[in-house]
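Below are the chains, spelled out letter by letter.
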Amino acid sequence: MLAETCHGCHGPNGVSMGPAAPTIAGFDRQYLIRVLQEFREDERESTIMGRIMTGYRPAEIRRMASYFAAQTWASADVQLDRVVVEQGRAIHEHACVECHQDGGRHQDRDTPRIAGQWPIYLLFQLESFRDRPTSIRQPSKMREALEALSDDDLGALAQYYASER
Ligand code: HEC
Ligand code: HEC
């Protein structure tokens, strides 16, 4: 019942139906708890989640995290440019594969799945991580890797991860 508030944007069962909200189904429970708490405490840049999460208590956050962690991931269905996807793959293999293994499918309590995520959301996140590096917690190695990348590079990475369904 708590998670019904989230369905409008993250879709039924955490599979987002639109490009601006991420799919969160099947994410690691500890990752979800941390991120939702960071939104709540205003420690994580957001357009909308900060406001939403102020209404929830820690116990409710844990219950919603359990619910979404138990759902099944489904990748976004989007049109992609093959040439751009290959450009993104090359950057990924050079700078990102160490942590975002298996084409970005790997996830754990620190790292979210990014394979098959909505590319518009991924690009938005990458711009935030690169341009406002303290606005979202991130490993220093990721910050260093992003510093060297252009807007086109970030667009190509977003397309590449979206292609890894
Ligand atoms: C009005 C649309 C909307 C609603 C309702 C909403 N979200 Fe979000 N959610 C977003 C957007 C957009 C983002 C990207 C961050 C931002 O800009 O706020 C996001 C990001 C997230 C993330 C971060 C994913 C990541 O990998 O960083 C989680 C987790 C999340 N939402 C969970 C929830 C939960 C749980 C609820 C219900 C209590 C909820 N959301 C309600 C739109 C929404
Ligand atoms: C040292 C490990 C590491 C490296 C290298 C790294 N990342 Fe990350 N990445 C992470 C972690 C951990 C997070 C979660 C940060 C958080 O939100 O707390 C993350 C988050 C992300 C997100 C946000 C996902 C979401 O749902 O909000 C994207 C997109 C991303 N990384 C892409 C990249 C790209 C592209 C590169 C290479 C240029 C890269 N990462 C390099 C560890 C890494």
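What counts, and where the lines are drawn
- Residues numbered from 1 in each chain as written.
- Chains lettered and ligands numbered in written order.
- Predicted model: local features only at pLDDT ≥ 70, side-chain atom pairs only at ≥ 80, totals over all residues.
- Heavy atoms only, no water.
- Donors = N, O, S within 2.8 Å, 3.2 Å for Na, K, Ca; no water.
- Tetrahedral: all angles 85-135°; square planar, octahedral: opposite > 155°, others 65-115°.
- Helix = DSSP H or I, 4+ residues; strand = E, 2+ residues; numbered from the N terminus.
- Near = heavy atom within 4 Å.
- Polar contact = N/O pair within 3.5 Å; in protein donor to acceptor, adjacent residues only side chain to side chain.
- Nonpolar A, V, L, I, M, F, W, Y, C, P; charged D, E, K, R; others polar.
- Domains from an automatic or database assignment.
- Contact = heavy atoms within 4.5 Å.
- Buried area = accessible area lost by both parts, 1.4 Å probe.
- Salt bridge = Lys/Arg side-chain N within 4 Å of Asp/Glu carboxyl O.
- Core = buried A, V, L, I, M, F, W, Y, C linked by side-chain atoms within 4.5 Å.
- Buried < 20%, exposed > 50% of the residue type's maximum accessible area, 1.4 Å probe, protein only.

1. A closer look at the coordination of the iron atom of ligand 2
In step 1: Each protein donor to the iron atom of ligand 2 is listed here as His100 (NE2) and Met142 (SD); together their distances run 2.1 Å.
In step 2: Classification of the site at the iron atom of ligand 2 as octahedral follows from its six donor atoms and the range of 86 to 179 degrees in their angles at the metal. One end of the pair, His100, is in the loop between helix H5 (82–95) and helix H6 (101–104); the other, Met142, is in helix H8 (residues 140–147), and 42 residues separate them in sequence.

2. Some details on the site of ligand 2
In step 1: Near ligand 2, the surroundings consist of 26 residues, among which Arg44, Cys96, Cys99, His100 and Met142 are the closest.
In step 2: Between Arg34 and ligand 2, the recorded distance is 2.8 Å, taken from a side-chain N or O atom to an oxygen atom.
In step 3: Between ligand 2 and Tyr121, the relevant distance is 2.8 Å, taken from an oxygen atom to a side-chain nitrogen or oxygen of the residue.
In step 4: Mapped onto the shell around ligand 2, the elements with two or more residues apiece are helix H2 (29–40), helix H7 (119–131), H8 and helix H9 (151–163).
In step 5: Take the shell around ligand 2: its biggest share by element is five residues, from H7.
In step 6: Of the residues contributing to the shell around ligand 2, the split by class is 18 nonpolar, three polar and five charged.

3. Digging into the site of ligand 1
In step 1: Lining the immediate environment of ligand 1, one finds 23 residues, of which Cys6, Cys9, His10, Thr47 and Met49 sit closest.
In step 2: Between ligand 1 and Arg44, the relevant distance is 3.4 Å, taken from an oxygen atom to a side-chain nitrogen or oxygen of the residue.
In step 3: At 3.2 Å from an oxygen atom of ligand 1 is found a side-chain nitrogen or oxygen belonging to Tyr121.
In step 4: Looking at the shell around ligand 1, the elements that each hand over two or more residues are helix H1 (4–10), H2, helix H3 (49–53) and helix H4 (58–69).
In step 5: With five residues, H2 is the single largest residue contributor to the shell around ligand 1.
In step 6: Broken down by class, the residue content of the shell around ligand 1 amounts to 18 nonpolar, four polar and one charged.

4. Structural notes on the domain arrangement of the protein chain
In step 1: When cut into domains, the protein chain gives domain 1 (4–69) and domain 2 (82–163).
In step 2: In this complex, domain 1 contributes 19 residues to the contact, which on the side of domain 2 involves 17 residues.
In step 3: When the two sides are added together, the surface that domain 1 and domain 2 hide from each other amounts to roughly 1600 Å², 50% of it contributed by carbon and sulfur.
In step 4: As a salt-bridge pair, Glu38 and Arg137 come within 2.8 Å of each other at their nearest N and O atoms.
In step 5: If you look at where domain 1 meets domain 2, you find 11 residue pairs in polar contact (both at pLDDT 80 or more).
In step 6: When its residues are assigned to classes, the side of domain 1 that touches domain 2 shows seven nonpolar, six polar and six charged.

5. Regarding the nonpolar core
In step 1: Membership of the largest hydrophobic core comes to 20 residues, with the highest contact counts inside it found for Leu122, Leu146, Leu149, Leu154, Leu157 and Tyr161.
In step 2: Among the elements of the structure, H5, H7 and H9 are those that each provide at least two residues to this core.
In step 3: Those residues in contact with Tyr161 that lie beyond four places of it in its chain are His92, Cys96, His100, Gly103, Gly104, Ile114, Ala115, Gly116 and Leu122.
In step 4: Membership of the second largest hydrophobic core comes to 18 residues, among which are Ile33, Val35, Ala65 and Phe68.

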